[in-house]
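Chain by chain, the residues run as shown.
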Amino acid sequence: MRLDKFLKVSRIIKRRTVAKEIADKGRILINDKVAKSSTDVSVGDIITIKFGNKTLTVKVNALLETTKKDVAEQMYEIVSETFAEKF
């Protein structure tokens, strides 16, 4: 499954176009390698996303084409969530 679609279906990022923009700016890593929006995601991959001052790291548990809101959270597991300090 494409990275941008996974982020949308899992509801980590609300819109696929936003996921594509963030990935194309080099702010998403899959297994510590910079990923584009078209990069394939597999079960077990570690995805790191940088949103401004927040860094979210998740592990992919499942790949589903479509989901309901309550099932979407089962597609991934949050490994860490850190916030950069503001000066």
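As the structure is a prediction and not an experimental result, all values here were calculated from the model.

What counts, and at which threshold
Within each chain, residues carry numbers counting from 1 in the order of the written sequence. In keeping with the predicted nature of the model, local features appear solely for residues at pLDDT of at least 70, side-chain atom pairs appear and are counted solely at 80 or more, and the whole-chain, interface and lining totals rest on all residues. Where side-chain values are given, they derive from all heavy atoms of the structure, hydrogens and water being excluded. Every helix listed is a DSSP run of H or I at least four residues long, and every strand listed is a run of E at least two residues long, numbered separately from the N terminus. Method for areas: the Shrake-Rupley scheme with a 1.4 Å probe, in which residue coverage is limited to the protein chains shown. Two residue types count as positive, namely Lys and Arg, and two as negative, namely Asp and Glu; His and chain ends fall outside the count. A charged residue contributes its charge at one atom only: NZ of Lys, CZ of Arg, CG of Asp or CD of Glu. One requirement defines pairing of two strands: DSSP has to find at least two bridges between them. Only protein chains enter the area calculation, which uses a 1.4 Å probe; residues under 20% of their type maximum are buried, those over 50% are exposed, and those in between are partly exposed. Each salt bridge in this description consists of a side-chain nitrogen of Lys or Arg and a carboxyl oxygen of Asp or Glu lying within 4 Å of one another.

A.B. asks: Would you mind going over the overall build of the protein with me for this structure?
C.D. replies: Check the secondary structure of the protein and you find 3 helices and 5 strands. Going from N to C terminus, the protein has its helices and strands arranged as α-α-β-β-β-β-α-β. Counting only C-alpha atoms, the protein reaches 40 × 25 × 20 Å along its principal axes. Taken as a whole, the protein presents about 5,700 Å² of accessible surface, with 50% of it coming from carbon and sulfur. For the protein, the centre of its 18 positive side-chain charges and the centre of its 12 negative side-chain charges are spaced 5 Å apart.

A.B. asks: What is the right way to read the sheet that holds strand β2 (residues 33–34) from this model?
C.D. replies: Strand pairing in a sheet relies on backbone hydrogen bonds, with the paired strands running either antiparallel or parallel. With antiparallel pairing, 5 strands are arranged side by side in an open sheet as β2-β1-β3-β4-β5. The sheet is open, and its two edges are formed by β2 and β5 (76–83), each paired on a single side. Bridge count for strand β1 (residues 28–30) against β2 is 2 bridges, and the pairing is antiparallel. Each residue of the ladder has a partner; that of L29, found in β2, is V34.

A.B. asks: Hey, could you run me through the environment of K69 in this one?
C.D. replies: Within the secondary structure, K69 sits in helix α3 (residues 69–72). For K69, a relative accessible area of 64% gives the class exposed. For the pair K69 and R11, spaced 58 residues apart in sequence, the C-alpha to C-alpha distance is 7.8 Å.

A.B. asks: How should I be thinking about unusual backbone geometry in this particular structure?
C.D. replies: One can expect most non-glycine residues to show negative phi and most peptide bonds to be in trans. Located in the positive-phi region is R11, a residue other than glycine, with phi close to 65°. According to the relative accessible area criterion, R11 is partly exposed, its value standing at 37%. Despite not being glycine, D32 has its phi angle at roughly 65°, a positive value. Mapped onto the elements of the fold, D32 is located in the loop between β1 and β2.

A.B. asks: Can you help me understand the pattern of salt bridges in this one?
C.D. replies: Side-chain pairs of opposite charge can arise where the charged atoms are in close proximity. For the structure shown, the criterion picks out 5 salt bridges. Close ionic contact of R16 with D4 constitutes a salt bridge, the shortest N to O distance being 3.3 Å. A residue pair is termed long-range when its members are at least 10 positions apart, and R16 in helix α2 (residues 16–24) and D4 in helix α1 (residues 3–9) qualify at 12 residues. The exposure class of R16 is partly exposed, given its relative accessible area of 33%. Here D4 falls in the buried class, since its relative accessible area comes to 3%. In this structure, K20 engages D24 in a salt bridge whose closest nitrogen and oxygen atoms are separated by 2.8 Å. A residue pair is termed a helical-turn pair when its members lie 3 or 4 positions apart in one helix, as K20 and D24 do in helix α2 at 4 residues. Of the residues examined, D24 reaches a relative accessible area of 42% and is grouped as partly exposed. Here the salt bridges share partners, and the residues they tie into one network are R2, D4 and R16.

Without other data, these values stay purely geometric and don't point to any function.
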